[in-house]
Structures are given as C-alpha cells and as structure tokens.
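Report on the structure
Chain residues, written in single-letter form:
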Amino acid sequence: MGKSARFCTALLGVVLSLSVSACGGGGGSGSDDGEITLSYAVWDKNQKAVMEKLGREFSASHPGVTVKVQLTPWADYWSKLKTVATGGSAPDVFWMNGPNFQLYASNGVIRPLDKEIAADKVNLSVYPQALVDLYTYENKVYGLPKDMDTIGVWYNKKLFDAAGVKPPADDWTWADFRTAAGKLTDPAKGIYGAAAQLTSFQEYQYNTIAQAGGYVISPDGRKSGYDDPRTVEGLRFWTDLIEKNQSPDLKTMTDTAPLQLFEAGKIAMYWGGSWNAGEFSANEYTKDKVEVAPLPKGEKRATIIHGVANVVSAKTAHPKEAWQFVEFLGSKKAALALGKSGPLPAHDGTQQAWLDTYPQFRLQTFLDSLDYAVPFPVSKNTAAWNEAELTHLTKAWTGEQPVGEASAALASAMNDLLAKE
Amino acid sequence: MTLTSRPGGRPRRRPRRDRVTEALWGYAFIAPAGLGLAVFYLWPVVRTGYFSFTEWGAFGGHTWSGLDNYHRLLSDPEVGRSLVNTLAYTALGLIAIPLAVVFAALLNRDGLRGAGIYRTLFFLPVVTMPVAVAMIWRWLYNGDYGLINHVLAQVGIDGPNWIADPDTALFALVVVGIWSSLGYNLVIFLAGMQAIPKEYYDAAAIDGAGPVRQFFRITLPLLSPTAFFVSIISVIGSLQLFDLVYVLAGSGQTARANPAFPRMETVVQLFHDRAFATNDRGYGAAIVMMLLVLIIALTALQFRLQKRWVHYG
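Values in this document were obtained by computation on a predicted structure and should not be read as measured data. (Residues numbered from 1 in each chain as written. Chains lettered and ligands numbered in written order. Predicted model: local features only at pLDDT ≥ 70, side-chain atom pairs only at ≥ 80, totals over all residues. Heavy atoms only, no water.)

A short note on the interface of chain A and chain B
The following threshold applies: The contact rule is simple, with two residues in contact once any of their heavy atoms fall within 4.5 Å. Two parts placed together each lose some accessible area under a 1.4 Å probe, and the buried area is that loss summed for both. Any carboxyl oxygen of Asp or Glu within 4 Å of a side-chain nitrogen of Lys or Arg constitutes a salt bridge here. By the criterion applied in these results, polar contacts are pairs of N or O atoms within 3.5 Å in which, for protein atoms, one can donate a hydrogen and the other can accept it, and in which residues neighboring in sequence qualify only through two side-chain atoms. Helical segments are the DSSP runs of H or I of at least four residues, strand segments are the runs of E of at least two, and each set is numbered from the N terminus. Residues are sorted three ways: Asp, Glu, Lys and Arg are charged, Ala, Val, Leu, Ile, Met, Phe, Trp, Tyr, Cys and Pro are nonpolar, and all the rest, Gly among them, are polar.
Contact residues are listed per partner, giving 29 residues for chain A and 34 residues for chain B. Counting each side, the surface lost to burial between chain A and chain B is near 2800 Å², with a carbon and sulfur contribution of 60%. On the chain A side of the interface with chain B, the three residues burying the most area are Thr86(A), Lys251(A) and Asp255(A), jointly 22% of the side's total. For the salt bridge of Arg274(B) with Glu387(A), the shortest nitrogen-to-oxygen distance reads 3.2 Å. Connecting chain A to chain B are 10 residue pairs in polar contact (both at pLDDT 80 or more). Those elements that place two or more of their residues in the side of chain A that touches chain B are α1 (2-25), α3 (74-86), α4 (98-106), α11 (250-255) and α18 (382-398) of chain A. Counting residues per element, the side of chain A that touches chain B draws most heavily on α3(A), at 6 residues. Taken together, the residues that form the side of chain A that touches chain B break down as 11 nonpolar, 12 polar and 6 charged.

Here's the deal with the pattern of salt bridges
The condition that has to hold: Exposed residues in this analysis have more than 50% of their type's maximum accessible area, buried residues have under 20%, and partly exposed residues fall in between, with area computed by a 1.4 Å probe over protein chains only.
Overall, the coordinates contain 24 salt bridges over all chains when judged by the stated rule. Of the charged contacts, one joins Lys48(A) and Glu52(A) as a salt bridge, the two residues approaching to 3.4 Å between their closest N and O atoms. Placement of the pair is Lys48(A) and Glu52(A) together in helix α2 (residues 48-61), with a separation of 4 residues, close to one helical turn. With a shortest N-O distance of 3.4 Å, Asp165(B) and Lys251(A) are connected by a salt bridge. Of this pair, Asp165(B) sits in the loop between α7 (147-154) and α8 (169-194) while Lys251(A) sits in helix α11, on two different chains. Look at Lys251(A) and you get partly exposed, because its relative accessible area is 26%. Put simply, Glu387(A), Glu78(B), Arg81(B), Arg256(B), Glu265(B), Asp273(B) and Arg274(B) are held in one network by salt bridges that share partners.

A look at empty space enclosed by the protein
Residue and element names in this part refer to chain A. Threshold: Points on a 1 Å grid, built from protein atoms alone, make a cavity when a 1.4 Å probe fits but cannot get out and make a pocket when they are open with protein on both sides within 12 Å along at least 5 of 7 lines; residues with an atom within 4 Å of a point are the lining residues. Grid points are joined across faces, edges and corners, and a volume is the space filled by probe spheres set on the points.
Tallied over the entire structure, the rule returns 4 cavities of 30 Å³ or more. Lining the largest cavity we find Tyr-40, Met-51, Leu-54, Lys-146, Asn-310, Leu-329, Ala-334, Ala-335 and Leu-338. Counting only elements with at least two residues in the lining of the largest cavity, the list comes to α2 and α15 (332-339). Of the residues forming the lining of the largest cavity, the biggest block, 3 residues, is contributed by α15.

Section: unusual backbone geometry
All names here are of chain A. Despite not being glycine, Lys-121 has its phi angle at roughly 50°, a positive value. Positive phi values are uncommon outside glycine, yet Asn-139 reaches one of about 65°. Examined against the element boundaries, Asn-139 turns out to sit in the loop between β4 (136-137) and β5 (140-141).

Things to note about a negative patch on the surface
Note the following rule: Within this analysis, patches are made of residues with over 30% relative accessible area and no salt bridge. Like charges are joined at 9 Å or less; nonpolar side chains (Val, Leu, Ile, Met, Phe, Trp, Tyr) at 5 Å or less. What sets the accessible areas is the Shrake-Rupley method with a 1.4 Å probe; for residues, cover comes only from the shown protein chains. Positive charges come from Lys and Arg alone, negative charges from Asp and Glu alone, with His and the N- and C-terminal ends not counted. Here the site of a charge means NZ on Lys, CZ on Arg, CG on Asp, or CD on Glu.
A cluster of acidic residues, Asp170(A), Asp171(A), Asp176(A), Asp368(A) and Asp371(A), forms a negative patch on the protein surface. Judged by its relative accessible area of 49%, Asp170(A) falls in the partly exposed class.

Re the domain arrangement of chain A
Residues and elements named next belong to chain A. Under the convention used in this document: The split into domains, and so the bounds of each, comes from an automatic or database assignment of domains.
Looking at chain A, the domain boundaries give domain 1 (3-149 + 307-349) and domain 2 (151-305 + 378-419). The C-alpha centroid of domain 2 is placed 33 Å from the C-alpha centroid of domain 1. Contacts between domain 1 and domain 2 engage 13 residues on the former and 13 residues on the latter. Buried area between domain 1 and domain 2, summed over both chains or domains, comes out near 1100 Å², and the portion from carbon and sulfur atoms is 58%. Three residues stand out in domain 1 for area buried against domain 2, namely Pro-99, Gln-102 and Asp-149, and they jointly supply 45% of the buried area on that side. Among the elements that line the side of domain 1 that touches domain 2, the one with the most residues is α4, at 5 residues. Considering only residue class, the side of domain 1 that touches domain 2 consists of 8 nonpolar, 4 polar and 1 charged.

Quick look at the layout of surface pockets
The method is simple in principle: a probe with the dimensions of a water molecule rolls over the atoms, and the space it marks as empty is what remains. Its boundaries defined by the atoms lining it, the second largest pocket holds a volume of some 1800 Å³. Ala384(A), Glu387(A), Leu417(A), Arg72(B) and Arg274(B) are, among the 47 residues lining the second largest pocket, the residues nearest its centre. Listed by contribution, the elements that provide at least two residues to the lining of the second largest pocket are α4, α18 and α19 (403-420) of chain A together with β1 (54-56), α2 (68-75), α3 (77-93), α12 (252-256) and α13 (261-264) of chain B. Taken together, the residues of the lining of the second largest pocket break down into 14 nonpolar, 15 polar and 18 charged. Among the domains, domain 1 (3-149 + 307-349) and domain 2 (151-305 + 378-419) of chain A are the pair contributing at least three residues each to the lining of the second largest pocket.

A closer look at helix α10 (residues 211-239) of chain B
Put simply, the rule is: Expected helix span is taken as 1.5 Å per residue step, with the number of steps being one fewer than the number of residues. To obtain the bend at a residue, axes are fitted to the seven residues ending there and to the seven starting there, and the angle between these axes is taken.
The end-to-end C-alpha distance of α10(B), which contains 29 residues, comes to just 36 Å, noticeably less than the 42 Å that a straight helix rising 1.5 Å per residue would cover. Along α10(B), the sharpest kink reaches roughly 50°, centred on Ser224(B) and followed within four residues by the proline Pro225(B).

Topic: the sheet that holds strand β2 (residues 65-71) of chain A
Residues and elements named next belong to chain A. What counts here: Between any two strands, pairing holds if DSSP finds at least two bridges. Every axis in this analysis is a line fitted to C-alpha atoms, fitted for helices over the stretch in contact. Angles between the N-to-C directions lie between 0 and 180 degrees.
Reading across the sheet, the 5 strands line up as β2-β1-β3-β13-β6 and stay open at both edges, with mixed pairing between neighbours. Looking at strand neighbours, the two that pair on one side only are β2 and β6 (143-145), the edges of this open sheet. Averaged over neighbouring strand pairs, the angle between their axes works out to 25° when direction is ignored. Where β6 lies against strand β13 (residues 309-312), 3 bridges are found, and the strand directions are antiparallel. Bridge assignment links Gly-143 to a residue of β13, and that residue is Val-311.

Some details on the packing of aromatic side chains
To keep it simple, the criterion reads: Whether two aromatic rings pair depends on their centres lying within 6.5 Å, for rings of Phe, Tyr and Trp, where Trp uses its six-membered ring; planes under 30 degrees apart make the pair stacked, over 60 edge-to-face, and the rest tilted. Only Lys NZ and Arg CZ are tested; either one counts as a charge over a ring when it is within 6 Å of the ring centre and within 35 degrees of the ring normal.
A complete count under the given rule lists 50 aromatic pairs over all chains for this structure. Geometrically, the ring pair formed by Phe51(B) and Trp56(B) is edge-to-face, given 5.0 Å between the ring centres and 85° between the ring planes. Neither residue differs from the other here; Phe51(B) and Trp56(B) are each classed as buried. Against the face of Tyr285(A) rests Lys289(A), its NZ or CZ located 4.4 Å from the ring centre. Here Arg72(B) stacks its cationic end above the ring of Tyr283(B), 3.6 Å away from the centre of that ring.

Things to note about the nonpolar core
For clarity, the cut-off: As used here, the term nonpolar core means buried Ala, Val, Leu, Ile, Met, Phe, Trp, Tyr and Cys residues forming a set that is joined through side-chain atoms within 4.5 Å.
Trp154(A) and Met269(A) are the most contacted members of the largest nonpolar core, which has 130 residues in total. When residues are assigned to domains, this core turns out to be shared by domain 1 (3-149 + 307-349) and domain 2 (151-305 + 378-419) of chain A, each giving three or more. Formed by 25 residues, the second largest nonpolar core is a distinct cluster that contains Ala96(B), Leu241(B), Val247(B) and Leu248(B).

Concerning the packing of helix α9 (residues 198-206) of chain B against α10(B)
All names here are of chain B. Cut-off, in case you're wondering: Should an angle fall under 35 degrees it is called roughly parallel, over 145 degrees roughly antiparallel, and 65 to 115 degrees roughly perpendicular, with every other angle called oblique. Put simply, a crossing is left-handed when the front helix is turned counterclockwise from the back one by less than a right angle, and right-handed when it is turned clockwise.
Following both chains from N to C, one finds α9 and α10 inclined at 160°, their axes separated by 10 Å at the closest point. As the angle between them shows, α9 and α10 are arranged roughly antiparallel. The chirality of how α9 crosses α10 is right-handed. Across the interface between the two elements, Tyr-200, Tyr-201, Ala-204 and Ala-205 from α9 touch Gln-214, Ile-218, Thr-219 and Leu-222 from α10.

So this is what it looks like as structure tokens:
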C-alpha cells in the first residue's frame, strides 16, 4: 500500500492547500505586520477620485492605514452589499442612503457610533438635523452625513429662448410649470417640456406628493399615504404630462433615460438633484445651456432632502480605524474637498466651496430650498414597498389603469408590507 | 481488456494488488473533475434543496419553514408569468435548430468560396460575451435612436420601442437569442454533416436523386442524432435564460418600470431578484428547485420522444 498511501497523502495535501488559499482570499482587510487596509465601498464613479484622494489624506495622518475605494455602480450596489454582508464580509466603511438605512441598522449590520461620537466630542449640529435624524435608529446614531441634496428644476435656457418662454420665476406655481411645458413641447422636433420619470421618486413623485399636501408614509411609519386624495394629485401631476404628450411616454423613457434625453436637448425641464451639478458641468451639451430653478409651488412649497452617510460595518476587523476614517470624512476639511469636485457637502459652512465650483448654474437655489425641505420617506424595510411603488404605478404611467386606482392598490400592498415590518 | 487477454490462451488473471493500484490511479485521474463536480455542482444542489425549505432574514440566518416557500410559489402570479415567458422563449428558440441546419447545409457545399469567413462570421456572436451582445442590441432596438427603426423609417415604417413594448419584447428577445446561438449550433451540425460518408451521396446521385432529395433522405435522417443533442442543449440553455434579459430589459428598478418587463421576466431572473436583490433566499431556492424539476422533466421527455425521430446511422 506504500504507493497509494503516498498518493493519498499528496491528494489530501492538494485539497488542503486549495481550501486554505480559499479561506485566505476572503475579508480583504489587514494582516499581522501592522499594516491595515480599510475597504470603502462607494457607488458614484464621479466621486471615486475625490474619495481616493481623501483616503490618501487619511493615510498621511494615520500611518499604516491605507484605504481601498471599491466602486460598484448604483444599479448593483445594494444587491452586492447585501450579499457580502450576508456572507459576513461587508466593506469596513461604506456609503449608506435613507431607504436602506433602517434595514441595515435594525439587523445589526452596521455599528452604532454614539460612544465614539461622545468620546471624540463630534459636534452633530454641523449637519442638517433632517439628515442626522435620517441616520438615527432607536436613538442611536449610525452614520455621519457626507453630502446632502435637494431637488430643483434644471432647465435648458436654449430651448426656453427658442420657444419664447421666460425663465421660471423663483415663486412659480404648478400652473406656470404646466403652461411652460405646453409651450416648450414641440413634437415636430421631438422636444418635450418635461419628463415624467417613473424610477426616481426622490426627484419626481415624492416632491409633487408633498407639494399637493399628501404624504407617502405616516409619521409613525405604520400607514401608507397612497390612498390619500392629495397624494393622488401629486401623482396625477406626472401622468397628466404624459397624457398631454408634454412628456415622453414610458416606453421611450425605458429605451432612453430622461437624463440622456435632457443632455441631448430633447427635454426642456428636468427635475433633478443638486448632485447633477458635476454631471452637467462635465457634459459638452449641458455645461453652458442649463440653469436651476426652484421646484414650482403646488398647495405648498416642498423639496425632498436626502443625503448620503458613511457607516461602519458591524463586523469590521478594525472598528477603531474605521471610525477614525468616518470621522475624517465627516470633517470640515473633507467636506471642503468634496464640495470642490462633486456633491453638496453636508457639513455646515462648507457649501460655499461647492457654489464656487459651478458658478454658472445658480446653485444657490438648492440651498435656499432647504427652508421648506421635506425628509425622505422611509421605514424599516423601505426597499420592499419601493418595489411595490414601481409595480403598481407602472400601470398608471402607461395609462393601463387610472392613477387613482393604481394608487389605491399600491396603498393596500404597502400597508400589508408595513404590517410585516 | 486487450492487455489482460492473450491470443490463444486463457486470459491470465493479474494479481489483485495490481488491479487495486490500477483502480486507484483511475480514480486519481478523475478526482480533480469529480472534486470540482462535487464542490461546485452537487453540494450546491443539495444546499439549495435544503434552503428551499427555509425562511431567511434580510442578512442571513435561516429558520426551517417547511413547505411555505412552495405554497407561496403556487400562488405567486410572478412565478406563473415568468414560467410562461420562459417556456414561450424556449419554444420559439427551437426555430434556431432548422435555421442552423439550413445554414450548415449551405456552408457545407463543395467548393464554396470563403467558407472559412462565413463560418467565422456565424461563430463570432458565440465567442462574444452575452452582456456585450445584449448591450449592442439594446442600442439597435432603441425606439427613437436605434438602427433598426432608422432603417424601417427609410421605407416609411414607424417602428416600435422593441424592448419596451409588451407586444414586441419577447420576439425581440428571441431574435437576439437565436442570433447569438446560431454559430454554436451551426458548428455542431457541420461536424455532423461531415461525418456522413460521401459514398451515400454518390450512390444516391447514381440512382438519380437531386440535391434536395439527398438532403431530405440522407442528410436529415443521419443528422437526427446531432439535432437531438442540439435540441437538448438549446432547451436547457433557453430555460436558464438570464443575461440577455438582465441587460435588455434592465435590472432592479429599471426593469420594474419597463412596461414590457412582465413579458420578458424569466424564471432565472425572478430567482436572481428574490435571492440577491430582496435577499429572500429561501424563496429563491424554491424557484430554482422548480426550474431544476422542469429541466429534468423536459429533458426526460425529449429522451422518450427521440425514439420516434432519431436514427442512428
């Protein structure tokens, strides 16, 4: 048996070395020689460079710690993060948004940071209260806000001039918006007044719902507002535009995203976020043809405020360094760097850098609208009813079902989901 | 056997020790493949089967839930819808087989100039990544700026939004599926045709059979084992359709807002959505177990039916 025994040992060796190397591949953070690598997951390719720069600055003040920025495009970010978190190898630090936050906090995937905040005397009042609240779960703060955003109407000055429409006034109303949309629409040239985008509730439906006096979810997070007639009015704002052909239909917007249509000069008024400033300044067509107006007033004025936060994985091997990095990212210094190359930083007193970076767009509009900003609607499992919103409202957007009926069906589906939370 | 039997004498039995060693070496040689199969195929199947009886939290941790997932499967309209789509896609995709036979026959003609070039052209989509293929087709299919509608407009036809219109979406999907698999099937049919002895055709020609008659009386019957193989592979491939839809129809939110999505969603896409997007892993596992059973059933059915139409030369 000598020969076969030797062979079996060899085979066992191969198997063992395979499994050992497989184990070594996971995690990706740290080794024994004092060098620490923090993985940092982000979704915006426009911000990858500045995040890497901030990572290097952090390393400079924290020798032995390097930051590795992992970019996952928005479309796959959350499913990938959920999968790695389930497997126990979430990145050490990562971007979090409102709709996902409570799910991660309530399942213990991210670390509460109160102790560290208290120990390092971090002043949370430098961030807008709505954002600190957004990332607070059961009275514990889980993330430091990185940036913030409100919504405005990006409009194409060239198309306004061509159609002889005056630029939007600061106090314009839904009626003014509709009149302008009608005048700007030119079927012969394939130009639409606006685009009733279905997929981005943050930029579209949530704003008009709040402006109509409706609500998406009750303040206690138990009940859907989609059966409120005022909420339906907020949705009808968009379906009306499609019915009047002042917006492309849903099929066209599926083939070509409204953002692309706007950047091709086919849409005159694009409801978009403050984060679009970077994109529009880099785009050859939009860089000198667009400007921002506040959202038109319905029953009242409203714009949705939201912001991204940096959070720490509960399973990180380096909680101390991860927190230090989050603290650094939330600092004034980091916010100033961020404002120069991307979104509107959340840190108080750093917004001027952002305004100065894009003087051509009149971005002050976004800051002014903070006065009447409405928090982003979330609950513990927001993603579940976000899917229901799309499934039901698609029917209203295609005209298959009246918007009131689709909205009522959505309300009951959403109430069922909320009851399960 | 030839090693152990000697001409003219009784086969000599080799010592037991030798045979054991030989067997061990045999197993050793298949061990890498067997190990891979066990680790990457068998074990996941067993685990998935187990998971299909469990309920998962949002971030892992599962509890036994018995047949709950299967009950849910039966009453979920999305499951029914994706099954119908997948079966329709599979059935329509079978057109690829006669198509491949015809093209293979054309390419197999004696003295065809540039045969290599044609074969390369047909095979190119097969070596291209499915996602890249789908992205190109996404642009071709675009209702407003796509090449297809641009060409149609030249002859006065106002083309639809191919992959956003419920009436055309499945058809558009099938076209891409056939186009991208044609080359693979073609190569197999070509190999099958070249294995048919030339003498049969010579004899048929002497008896006065023309090329068409030769094709139907010689080529087709002798090609039936190849066609059987291709149909098995195609049906399994079609039932597992995912990447084309993922790119053409969009994923996640984009897909849900596509009015044609209810006509394009496949079983594997639904599985992906449930298992990885909403992290409903137990239910996702039940969905793929259903697909596994369906694939086994359809493959078994094909094996039964083959007796009626497959001729082994």
